[in-house]
Amino acid sequence: MRKIRVLVAKPGLDGHDRGAKVVARALRDAGMEVIYTGLHQTPQQVVRAAAQEDVDVVALSILSGAHMTLVPKITGGLREAGLLDVSVLVGGIIPDHDASRLCAAGVRKVFGPGSTLEAIVAATRDSVQRPLA
Amino acid sequence: MVDDQRLTGLRATTSGLDQRTNDLVEALLDGDQLALARLITLVENRSQMVPAILAKVFPSTGRARLIGVTGAPGAGKSTLVDRLISGCRDGGGRVGVLAIDPSSPYTGGAILGDRVRMQKWATDPGVFIRSLATRGHLGGLSLATRDAARLLDACGYKTILIETVGTGQSEVDIMDLAHTIILVMAPGAGDEVQAQKAGILEIADILVVNKADREGANQLVGQLQAMLDLAGELAWRPPVIKTVAGTGEGIEDLLAACRAHQEWLGQSERSEQRLLERAGRELAELVGRMAAERAIEAAREAGLWEDLTAGVATRRLDPYSAAAALLAVLEVRESPDGPARPSV
């Protein structure tokens, strides 16, 4: 009866949510429960939603370029809230050297343009930390 | 009269809780949101711990006011709930929200999008919002909704708003859960005949015509009033309230109607009868589910389950006889003489 729960969120100020919606749909089609929170989320909103919804994975879509500001606030916030078993994935226009810095800040994986939905779904499943049974 | 001592003897022990879950329940009773979230997940996943969890929190429940919000997809339920949170927060009490959306019947996946309309509450520590997928359950709620509401109640949430899936005409589960049921409609969605039908309209305590700035709102109000006139003398006549959830228009009236209904419930003689009926339906449902699970498990152990399903699938056995055989296996297993293997 266990379901993988994923929060798909768009932190920051850009309004391009097409990618987030396509990913949300793909995760749904893979049998996961996707909580979609919409545009313009603050890091604090993302952390609290992740806590209340008790998700396994937080998937962030950022196309504004503000990822280096926003993402560490979210990974840090999750740690502070005691959500140590929640993984974070990031998708967007992220330069390579930023991607490695984000991973150092606690992000599990970064997806740039051209990533396949299959890869994103597989990575989401792989990053679930709590037992699936 | 119910014998208190006898009931106490029947209560499930909480010794079935492991240390971790027990800690979570203690934290929940202290008002901890993270514990609340994790326990709702256990209820959703129908963990084996659920009976012991519920036995432990149950004495702390029964204090919250449960308001159900139901209506067709797109009628404006989520936006209205967002407005109701404001109104209920003004009194200072904590507000819990359970928002239910459908699971895909094919993949079991779901997109739960009700939070989009309630974003601003994500940072208010007095508001807890949880999205629940139906996971195949019909009736407008998920199977876990009732127990999730109990967990919120035990955690100290004074008002619990329950938003059903977008409903048609017969998703009436909410009537066995909420104290007050708000049915949300929008103009232009149907004609007079729709308002005459049985089902969801009958269970509403308050009728809301949302998007009342649109054409046809007054006609819809008129039709609903006419329908209520036909119903004759009602102990509680549902008020018809016009709102524009997007701007907040009419929300004060709606909150006042909720309060009036609450007061009426407190005085109504029907309350006690309603509680008895609800308790009966919950017990019947629960025992049906538990018996089914146990019977299937017993049949699997006896190697009978595959034979029975195959028999029905190939039309060599009718389903009623197969079901009777399942119950017989359960009786044998649970009889005092021990789990003798039934002959197959």
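What you see is a predicted model, and the numbers here were worked out from it, not measured in a lab.

Thresholds, definitions, all that
Every chain is numbered on its own, with residues counted from 1 as its sequence reads. Each chain takes a letter, starting from A, and each ligand takes a number, starting from 1, following the order in which they are written. It should be noted that, the model being predicted, local features are given only for residues of pLDDT at least 70 and side-chain atom pairs only at 80 or more, the latter also being counted only at that level, while totals for whole chains, interfaces and linings use all residues. The secondary structure listing takes helices from DSSP runs of H or I that are at least 4 residues long and strands from runs of E that are at least 2 residues long, numbered from the N terminus. Contacts are defined on C-beta atoms placed from the backbone: any two residues whose C-beta positions lie within 7 Å are in contact. Only Asp, Glu, Lys and Arg are considered charged in this grouping, and only Ala, Val, Leu, Ile, Met, Phe, Trp, Tyr, Cys and Pro are considered nonpolar; every other residue, Gly among them, is considered polar. By the convention used here, strands pair only if DSSP detects at least 2 bridges between them. Residue burial is a threshold on neighbouring C-beta atoms within 10 Å of the residue's own C-beta, all placed from the backbone, with 20 or more meaning buried, 12 or fewer meaning exposed, and counts in between meaning partly exposed. Inter-axis angles, ranging from 0 to 180 degrees, are taken between N-to-C directions of lines fitted to C-alpha atoms, where helices are fitted over the stretch in contact. Each crossing is labelled by how the near helix is turned from the far one, with a counterclockwise turn of less than a right angle marking it left-handed and a clockwise turn marking it right-handed. What a helix should span is 1.5 Å times the count of its residues minus one. In this description, the arc belongs to the directions extending from the helix axis to the C-beta atoms. For every residue, the predictor assigns a confidence score, pLDDT, that lies between 0 and 100. When buried Ala, Val, Leu, Ile, Met, Phe, Trp, Tyr and Cys residues are joined through C-beta atoms within 7 Å, the set is termed a nonpolar core. Each domain's extent was defined by an automatic or database domain assignment.

### Remarks on the overall build of chain B
Moving on, step 1. Helix and strand counts for chain B come out as 13 helices and eight strands.
Moving on, step 2. Taken over the C-alpha atoms alone, chain B extends approximately 70 × 50 × 45 Å along its principal axes.
Moving on, step 3. Partitioning the contacts of chain B with sequence separation of at least 6, the portion at a separation of at least 24 is 73%.

### Re the interface of chain B and chain A
Moving on, step 1. Each partner contributes residues to the interface: chain B has 26 residues there, and chain A has 24 residues.
Moving on, step 2. For the side of chain B that touches chain A, the secondary structure elements donating two or more residues are helix 3 (33-44), strand 3 (110-112) and strand 4 (127-133) of chain B.
Moving on, step 3. For the side of chain B that touches chain A, the leading source of residues is helix 3 of chain B, giving six residues.
Moving on, step 4. The class makeup of the residues in the side of chain B that touches chain A is 11 nonpolar, 11 polar and four charged.
Moving on, step 5. Bridging between strand 2 (residues 33-36) of chain A and strand 3 of chain B involves three bridges; their strand directions are parallel. Note that in strand 3 of chain B the partner of Ile35(A) across the bridge is Leu112(B).

### Details of the pairing of strand 5 (residues 159-163) of chain B
Residues and elements named next belong to chain B.
Moving on, step 1. Here strand 5 lies mainly inside the structure; five of its five residues are buried.
Moving on, step 2. On strand 5, burial covers both faces: Thr159, Leu161 and Glu163 on one face and Ile160 and Ile162 on the other are all buried.
Moving on, step 3. With five bridges connecting them, strand 1 (residues 65-71) and strand 5 associate as parallel partners. Bridge pairing in strand 5 places Ile67 opposite Leu161.
Moving on, step 4. The sheet contact formed by strand 2 (residues 95-101) and strand 5 spans five bridges and is parallel. Looking across to strand 5, one finds that Gly96 is bridged to Ile160.

### Let's talk about the sheet that holds strand 7 (residues 206-209) of chain B
Residue and element names in this part refer to chain B.
Moving on, step 1. Strand order in the open sheet formed by seven strands is 4-2-5-1-6-7-8, and the pairing between neighbours is parallel. The open sheet is flanked by strand 4 and strand 8 (240-242), the only strands paired with a single partner. When strand polarity is set aside, the average angle formed by the axes of neighbouring strands in this sheet is 20 degrees.
Moving on, step 2. Judged from the seven bridges that link them, strand 2 and strand 4 form a sheet pairing that is parallel. Among the inter-strand pairings, Val95 is bridged to a residue of strand 4, identified as Val127.

### Examining the sheet that holds strand 1 (residues 5-9) of chain A
Moving on, step 1. Here we have six strands laid out as an open sheet, ordered 5(A)-4(A)-3(A)-1(A)-2(A)-3(B), and parallel in their pairing. At either end of the open sheet lies a strand with only one pairing partner, and these are strand 5 (109-111) of chain A together with strand 3 of chain B. Strand after strand, the sheet turns through a mean of 20 degrees between neighbouring axes, direction not considered.
Moving on, step 2. As paired strands, strand 4 (residues 87-92) of chain A and strand 5 of chain A are joined by three bridges and run parallel to one another. Bridge pairing in strand 5 of chain A links Val90(A) to Val110(A).
Moving on, step 3. Along the sheet face, helix 2 (residues 43-53) of chain A touches strand 1, strand 2 and strand 3 (57-62) of chain A and points at about 160 degrees away from the line of strand 1 of chain A.

### Regarding the packing of helix 2 of chain A against helix 3 (residues 67-80) of chain A
All names here are of chain A.
Moving on, step 1. At a minimum axis distance of 9 Å, the contact between helix 2 and helix 3 shows a crossing angle of 35 degrees. Judged by the sense of rotation from one axis to the other, the crossing of helix 2 with helix 3 is right-handed. Of the residues in helix 3, those touching helix 2 at Pro43, Gln44, Val46, Val47 and Ala50 are Leu70, Lys73, Ile74, Gly77 and Leu78.

### Focus on the pairing of strand 2 of chain B
Moving on, step 1. Most of strand 2 of chain B sits inside the fold, with seven of its seven residues counted as buried.
Moving on, step 2. Neither face of strand 2 of chain B is left uncovered, since the one carrying Val95(B), Val97(B), Ala99(B) and Asp101(B) and the one carrying Gly96(B), Leu98(B) and Ile100(B) both have all their residues buried.

### Some remarks on helix 3 of chain A
Residues and elements named next belong to chain A.
Moving on, step 1. End to end, helix 3 covers 19 Å across 14 residues, agreeing with the expected 20 Å (1.5 Å per residue, within 8%).
Moving on, step 2. For helix 3, the full list of buried residues reads His67, Leu70, Val71, Ile74, Thr75 and Leu78. The buried residues of helix 3 all sit within an arc of 125 degrees when viewed along its axis, so they share a single face.
Moving on, step 3. Considering only its buried residues, helix 3 is in contact with helix 2, strand 3, strand 4 and helix 4 (96-104).
Moving on, step 4. A positive phi of about 85 degrees marks Gly82, the residue just after helix 3.

### Quick word on the confidence of the model for chain B
Residues and elements named next belong to chain B.
Moving on, step 1. With 92% of its residues at a pLDDT of 70 or more, chain B shows a mean pLDDT of 88.
Moving on, step 2. Within chain B, the element-level pLDDT minimum falls on helix 7 (residues 192-196), averaging 55, and the maximum on helix 6 (residues 145-154), averaging 97.
Moving on, step 3. Interface predicted TM-score (ipTM) for the complex: 0.93; the corresponding pTM is 0.90.

### Points about the nonpolar core
Moving on, step 1. One finds Val34(A), Ala50(A), Val58(A), Leu151(B) and Val208(B) to be the most contacted residues of the largest nonpolar core, which totals 123 residues.
Moving on, step 2. Here this core gets six residues from one element, more than from any other, and that element is helix 3 of chain B.
Moving on, step 3. Here this core spans two domains, since at least three of its residues come from each of domain 1 (12-59) and domain 2 (61-267) of chain B.
Moving on, step 4. Setting aside anything within four residues of it in sequence, one finds Val58(A) in contact with Leu7(A), Ala9(A), Val46(A), Ala50(A), Val86(A) and Val88(A).
Moving on, step 5. With seven residues, the next largest nonpolar core counts Ala298(B), Ala299(B), Leu308(B) and Val329(B) among its residues.

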